[in-house]
2 protein chains.
Amino acid sequence: MSQFFRLISVLDALNLISRIAPEMETEFVLLTEARGRVLSEDIQADINIPGFDRSVKDGYAVIAQDTNQATESAPVVLTSIQRVSMGQKGRGTIRRGECAYVPTGGMLPRGADAVVMGEYCQNLGDKILVTRPVAPGEDVLCQDEDFRKGEGVLTAGRLLKVQDIGMLAAVGALLVPVRLRPTIGIISTGIELVSPDRTPAFGEVRDVNTYLCGAFVEDRGGIPKYYGIVKDDPGELRAALEKAVAECDAVLVSGGSSKDDRDITAKVIAGLGEVFAHGIALAPGKPTIIGRIGKTPVIGVPGHPAATFVVLTLLGGHLMNALTRCLTSRESTRKVRLSRNIPSERGREEYVRVKILGKEAVPLFGKSGLLNTLVQSDGIVRIGPASEGLDTTDEVEVHLW
Amino acid sequence: MSQFFRLISVLDALNLISRIAPEMETEFVLLTEARGRVLSEDIQADINIPGFDRSVKDGYAVIAQDTNQATESAPVVLTSIQRVSMGQKGRGTIRRGECAYVPTGGMLPRGADAVVMGEYCQNLGDKILVTRPVAPGEDVLCQDEDFRKGEGVLTAGRLLKVQDIGMLAAVGALLVPVRLRPTIGIISTGIELVSPDRTPAFGEVRDVNTYLCGAFVEDRGGIPKYYGIVKDDPGELRAALEKAVAECDAVLVSGGSSKDDRDITAKVIAGLGEVFAHGIALAPGKPTIIGRIGKTPVIGVPGHPAATFVVLTLLGGHLMNALTRCLTSRESTRKVRLSRNIPSERGREEYVRVKILGKEAVPLFGKSGLLNTLVQSDGIVRIGPASEGLDTTDEVEVHLW
């Protein structure tokens, strides 16, 4: 195990993760708690929305044909037969030559098929002068125009956004079926690591990855469960992993995975379960491990925070989506030109951190240990395995983070 | 109050909100709870990061000058004097002609100024054949290269992202000064409204805005506090508003704000405090109210969910940022071409919902009551007040939501 396995491609790594991620079960949560969760069942409209023909403006419900000839200089005169109040059914029926005042959102009386905005009407007692023609259906939201009863409004696998919560309220879904939040175990390994509350002695380094992985998991809708620092000791790591896989839906182990005599993570995972991949054709992030213990996926991510973050963004996010069967991409991209050329090695995917300044993406070349460029950068640019690099004439897609 | 005030511009509305938003106080939270919060103080590095010269690769620490002549056919021979272990101080000093094995992240022994990757070295007992020259500093992360002790790493007003949490761990900030989450009162008004758990009778409509506003507030880092449905009754609204302004940092009142005899929201706010603006040159969203009761901002948003959502996105998000003095833009945009022309009226800002299909933004023209287009759309395109519309030759910026 002192050598990398054959490197696998990023695509193969993603497929592998999809294959080994177990499916989170469904729970029902209150609508007020459902934002950011992944819907686990299709949702249908339980009623027509709206349930009646509604006015979209404050104005007069009319028969559109009556207004055909209306102009500012020669208004059409209609007789106002009622004022409809909000939430109330209009009385009677509008006949030719008649109209009724309707507020925004109010119900159109029978017979009316359009609304003339108040601005185009003059009120003379019960006579209304209409100065503009309207077409049938104008400023009316027809019953079932939004959704028909029984029609699908949201589908399983959707990450519920703010506006979806509004939609669910409209169809009366006050209890929402969503995937359980995955609990993700987090273990940092490295003999050099100390807790951030300590001032590191010479040669020691504060444990950044526990917090980076935890915040990432939480950001992607999971619950991080922390198992602390393991000092590159196989026995200690085995004990921590056994506990974590028993308590969690997946486990992230950072550090201890580079091609070196310290490489114990892969050995320990292999001892307890299976290692499917050790080494991905990816820079930074090559020493990544994908394995499984029992039914629990275990991902070994690099120890250097900047490399960790690239692997989390590419593979960790995919793992969270796979566990929750989430079909919504959270990825946000922006197309910009590069400020300078980026050379690259063929045969692996390379991800370069960039900062967006105006219309340009400025590559932040940095050694993979640099937190500085991680915090300064706006995202990463991918250089495909067949490419020798990108130049300033190309428009590149920045994957924002 | 049955007429709109003079319409104000969106820019004036934003400035007004900045002016009346009180400043949230600071609290200290655990680093594991800090993601998504707004930093309230500048943070400095408490130590050099890294605290020592670290190797970025598994390889041999060397004096770069020794490798000047190294080639694959004529390697330079160096004497390995030690193996440095992770987290441990190298012993002694590297002299000309000497080298020492260092793992990734390990400390360089004194004297060495570069690392040759293991791939370019051949190990013959204590003799190491180096087949490639390295420059001084190569594959070394120098002490304080990331951050110098005392250097600022993150500034007040930053919305803490995942990678910032890693940065805070590195500087030992396990307790993080952040703004209190604003508590936002939410009141829905409208005589036609019923709770979503009810099947609406003819003329009734389910209350969508309570849930839409609540999810929005939560998404922007606030705590929604729900005051239920008020049936367009001034006394009832006054009582709900008095309670809400006493308990919350700001209040959102939806509905009851259009230019009509139902328009009680502005009257009630004016009766209890001040109304600064009633009507914004914005479509959809014109009947928006900006006021204050005591020191608590009160925003009246339109009753139609799709219009509500535009106003929340433009003004509600700004309110949340103003309360927490957040300087990070959460806005995500994408430049694309329009699939068809969009006409617009001059003199107001217009926001058209669009769906992004491939490289095109397809306008979803919809009456403002349509939840359908809200859920289908990916964001909005702004048409400025001086413009008569946008056409397919323009590249437009989609504000994603």
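Residues numbered from 1 in each chain as written. Chains lettered and ligands numbered in written order. Predicted model: local features only at pLDDT ≥ 70, side-chain atom pairs only at ≥ 80, totals over all residues. Heavy atoms only, no water.

**A word on the domain arrangement of chain A**
Domain boundaries assigned for chain A yield domain 1 (10-24 + 181-323), domain 2 (26-47 + 150-179), domain 3 (54-141) and domain 4 (332-400). Here the C-alpha centre of domain 2 of chain A lies 32 Å away from the C-alpha centre of domain 1 of chain A. (Domains from an automatic or database assignment.)

**Some words on the state of the cysteines**
Under the counting rule described, the total for this entry stands at zero disulfides over all chains. The closest cysteine sulfur to the non-disulfide-bonded A:Cys121 is located on A:Cys99, 7.1 Å from its own sulfur. (Disulfide = S-S within 2.5 Å.)

**Let's talk about helix α1 (residues 10-20) of chain B**
Residue and element names in this part refer to chain B. Those residues of α1 that fall on the buried side of the exposure criterion are Val10, Ala13, Leu16, Ile17 and Ile20. Seen end-on, α1 carries its buried residues on one side only, within an arc spanning 115 degrees. For α1, the exposed residues set more than 90 degrees away from the buried face come down to Leu11 and Arg19. Packed against the buried residues of α1 are β18 (274-278), β19 (282-283), β20 (289-293), β21 (296-301), α6 (305-323) and β24 (349-357). (Buried < 20%, exposed > 50% of the residue type's maximum accessible area, 1.4 Å probe, protein only. Helix = DSSP H or I, 4+ residues; strand = E, 2+ residues; numbered from the N terminus. Arc of directions from axis to C-beta. Contact = heavy atoms within 4.5 Å.)

**Overview of the sheet that holds strand β7 (residues 114-117) of chain A**
All names here are of chain A. If you trace the six strands from one edge of the open sheet to the other, you get β7-β4-β6-β5-β9-β8, paired in mixed fashion. Each having just a single partner strand, β7 and β8 (121-124) make up the two edges of the open sheet. Within this sheet the neighbouring strands show an average axis-to-axis angle of 40 degrees, counted without direction. Direction of pairing for β8 relative to strand β9 (residues 127-130): antiparallel, over a ladder of four bridges. Bridge pairing in β9 links Leu124 to Lys127. (Pairing = 2+ DSSP bridges. Axes fitted to C-alpha atoms, helices over the stretch in contact; angles between N-to-C directions.)

**Regarding the interface of chain B and chain A**
Across the boundary between the two partners, chain B contributes 84 residues, which contact 84 residues of chain A. Inspection of the chain B/chain A interface yields six salt bridges. Residue A:Arg35 is joined to B:Glu218 by a salt bridge in which the shortest nitrogen-to-oxygen separation is 3.0 Å. Between chain B and chain A we count 16 residue pairs in polar contact (both at pLDDT 80 or more) in total. Secondary structure elements with two or more residues in the side of chain B that touches chain A: β10 (140-141), β11 (152-154), α2 (162-170), β15 (205-206), α3 (209-219), β22 (332-338) and α7 (371-376) of chain B. The leading source of residues in the side of chain B that touches chain A is α2(B), at eight residues. Its residues placed into classes, the side of chain B that touches chain A shows 38 nonpolar, 18 polar and 28 charged. (Salt bridge = Lys/Arg side-chain N within 4 Å of Asp/Glu carboxyl O. Polar contact = N/O pair within 3.5 Å; in protein donor to acceptor, adjacent residues only side chain to side chain. Nonpolar A, V, L, I, M, F, W, Y, C, P; charged D, E, K, R; others polar.)

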